[in-house]
Amino acid sequence: MRKGKADSSCFRIYDLRFTIYDLCPLKILVAITGASGALYAQRLLDNLDSHAHEIHVVLSNYAQQVIAEELPGGLKLPPGARLHNVKSMNAPFASGSNPPDVMVVIPCTMGTMGRIAHGYSEDVLLRAADVVLKEKKKLILVPRETPLSLVHVRNMELLLQAGATILPANPGFYSNPKTIQEVVDTVVARVLDHLGLPQKLVPRWSEERE
Ligand SMILES: Cc1cc2nc3c(=O)[nH]c(=O)nc-3n(C[C@H](O)[C@H](O)[C@H](O)COP(=O)(O)O)c2cc1C
């Protein structure tokens, strides 16, 4: 059962702030690249319900290197999540006939951002992003770089024009995060918001933590 089709197991709820939470099963592709901030990817995976949604994961070659540096225990996938080889085009989302509902590139390097912006599709991560854009599905990019050059900004402009969401890994501090994980979760909470999934990681502005 895919998002948007009528089915008794698929429904939407509205919270008191009239946010639409999509409880329909989603096919979610989490792509991890070689930018600093592997913990952003880990915390997103930790907060996706793999029983409710179909979770696919793909890593760029450089992601492995950064994960080795930044996640002492390695990357932990949720139960049932499918890890795909970046060099194999045998993944469902390599074709426009079977795109994910949403793809999140987290963290996203400037290199991958540039390649997506310019339509490079030489591995399955880039091809999937190309498919998601052309099929008008949701592409969320979580870049981590500072400062930005004009090249980066122009690539972001192109991606915004193509329909992508650019959600920089810029943590918020108004919730008074006390740990690195709580800082990271301020960004992951916004990603979950943009996926249309409920999140209780960070209280919303002017709301109390439950
Ligand atoms: C420890 C480490 C941290 C890095 N952090 C960043 C980063 O935050 N942002 C970025 O754009 N590139 C970063 N890089 C550089 C990318 O890994 C490099 O450009 C690589 O070619 C990106 O390949 P990919 O986009 O296929 O993952 C980092 C590299 C290393 C080794």
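Above this text sits the structure in question.
Report on the accompanying structure. Being a predicted model, the structure only gives us computed values, none of them experimental.

Some words on helix 4 (residues 124–134)
Extensive coverage of helix 4 is indicated by the burial of eight of its 11 residues. For helix 4, the set of buried residues is Val 124, Leu 125, Leu 126, Ala 128, Ala 129, Val 131, Val 132 and Leu 133. Elements in contact with the buried residues of helix 4: strand 3 (27–32), strand 4 (54–59), strand 5 (82–84), strand 6 (102–108), helix 3 (110–117) and strand 7 (138–143). Looking one or two residues past helix 4, Lys 136 carries a phi angle of roughly 60°, positive in sign.

Here we look at the environment of Met 89
Within the secondary structure layout, Met 89 lies in the loop between strand 5 and strand 6. For Met 89 and Glu 122, which are 33 residues apart along the polypeptide, the C-alpha to C-alpha distance reads 9.3 Å. Filtering out sequence-adjacent residues up to four positions away, Met 89 remains in contact with Ala 94, Val 124 and Arg 127.

Some thoughts on the packing of helix 1 (residues 38–46) against helix 6 (residues 180–195)
For the pair helix 1 and helix 6, interaxial distance at closest approach is 9 Å and the crossing angle is 65°. You can see that helix 1 and helix 6 cross each other, and the crossing is right-handed. Packed against helix 1, whose contacting residues are Leu 39, Tyr 40, Arg 43 and Leu 44, the element helix 6 presents Ile 180, Gln 181, Val 184, Asp 185, Val 187, Val 188 and Val 191 at the interface. Here the residues of the contact of helix 1 with helix 6 are counted per class, giving eight nonpolar, one polar and two charged.

Comments concerning helix 5 (residues 150–161)
The end-to-end C-alpha distance of helix 5 is 16 Å, a good match for the 16 Å that 12 residues give at a rise of 1.5 Å each. Among the residues of helix 5, Asn 155, Met 156 and Leu 159 are the ones counted as buried. The arc that holds the buried residues of helix 5, viewed along the axis, is 100°, so those residues lie on one side. Exposed residues pointing more than 90 degrees away from the buried face of helix 5 are listed as Leu 150, Val 153, Arg 154, Glu 157 and Gln 161. Buried residues along helix 5 sit against helix 3, strand 7 and strand 8 (165–166).

Overview of the packing of helix 3 against helix 5
Running from N to C, helix 3 and helix 5 point in directions that differ by 45°, and their axes come no closer than 9 Å. It follows from the interaxial angle that helix 3 and helix 5 lie oblique. Crossing geometry of helix 3 relative to helix 5 is assigned as left-handed. Contacts between helix 3 and helix 5 involve Met 110, Met 113, Gly 114, Ile 116 and Ala 117 from the first element and His 152, Asn 155, Leu 158 and Leu 159 from the second.

What about the nonpolar core?
Counting residues in each nonpolar core, the largest one holds 56 residues, and the members touching the most others are Val 30, Val 104, Ile 106 and Val 142. If we skip the residues at most four places from it in the chain, Val 142 touches Tyr 40, Val 104, Val 105, Ile 106, Pro 107, Cys 108, Leu 167, Pro 168, Ala 169, Val 187 and Val 191.

So, the site of the ligand
Around the ligand sit 16 residues, and of these Thr 33, Gly 34, Ala 35, Ser 60 and Thr 109 come closest. Those elements giving two or more residues to the shell around the ligand turn out to be helix 2 (61–70) and helix 3. Examining the composition of the shell around the ligand, we find that five residues originate from one element, helix 2, more than from any other. Looking at side-chain class alone, the shell around the ligand contains five nonpolar, eight polar and three charged residues.

Quick notes on the rules
The written sequence of each chain sets the order in which its residues are numbered from 1. Given that the model is predicted, a residue must reach a pLDDT of at least 70 before its local features are reported, and side-chain atom pairs must reach 80 or more before they are shown or counted; all residues, however, enter totals for whole chains, interfaces and linings. Around each residue's C-beta, the other C-beta atoms within 10 Å are counted; 20 or more make the residue buried, 12 or fewer make it exposed, and counts in between make it partly exposed. All C-beta atoms are placed from the backbone. Each helix is a run of H or I in the DSSP string that is no shorter than four residues. Each strand is a run of E no shorter than two, and both are numbered from the N terminus. Residue pairs are scored as contacts if the distance between their C-beta atoms, which are placed from the backbone, is within 7 Å. Axis lines are fitted to C-alpha atoms, over the contacting stretch for helices. Their N-to-C directions set the angle, which ranges from 0 to 180 degrees. Each crossing gets its hand from how the near helix is turned against the far one by less than a right angle, where anticlockwise is left-handed and clockwise is right-handed. Each residue gets one label: Ala, Val, Leu, Ile, Met, Phe, Trp, Tyr, Cys and Pro are nonpolar, Asp, Glu, Lys and Arg are charged, and the others, such as Gly, are polar. Expected span of a helix, by definition, is 1.5 Å for each gap between consecutive residues, and there is one gap fewer than residues. Taken from the helix axis, the directions to the C-beta atoms give the arc we talk about. Should an angle fall under 35 degrees it is taken as roughly parallel, and over 145 as roughly antiparallel, whereas 65 to 115 is taken as roughly perpendicular and any remaining angle as oblique. By definition, a nonpolar core groups buried Ala, Val, Leu, Ile, Met, Phe, Trp, Tyr and Cys residues that connect through C-beta atoms lying within 7 Å of each other. By convention here, the C-beta atom is placed from the backbone, and a residue is near a molecule or strand when that atom is within 6 Å of it.

Read these as spatial facts, not as claims about activity.
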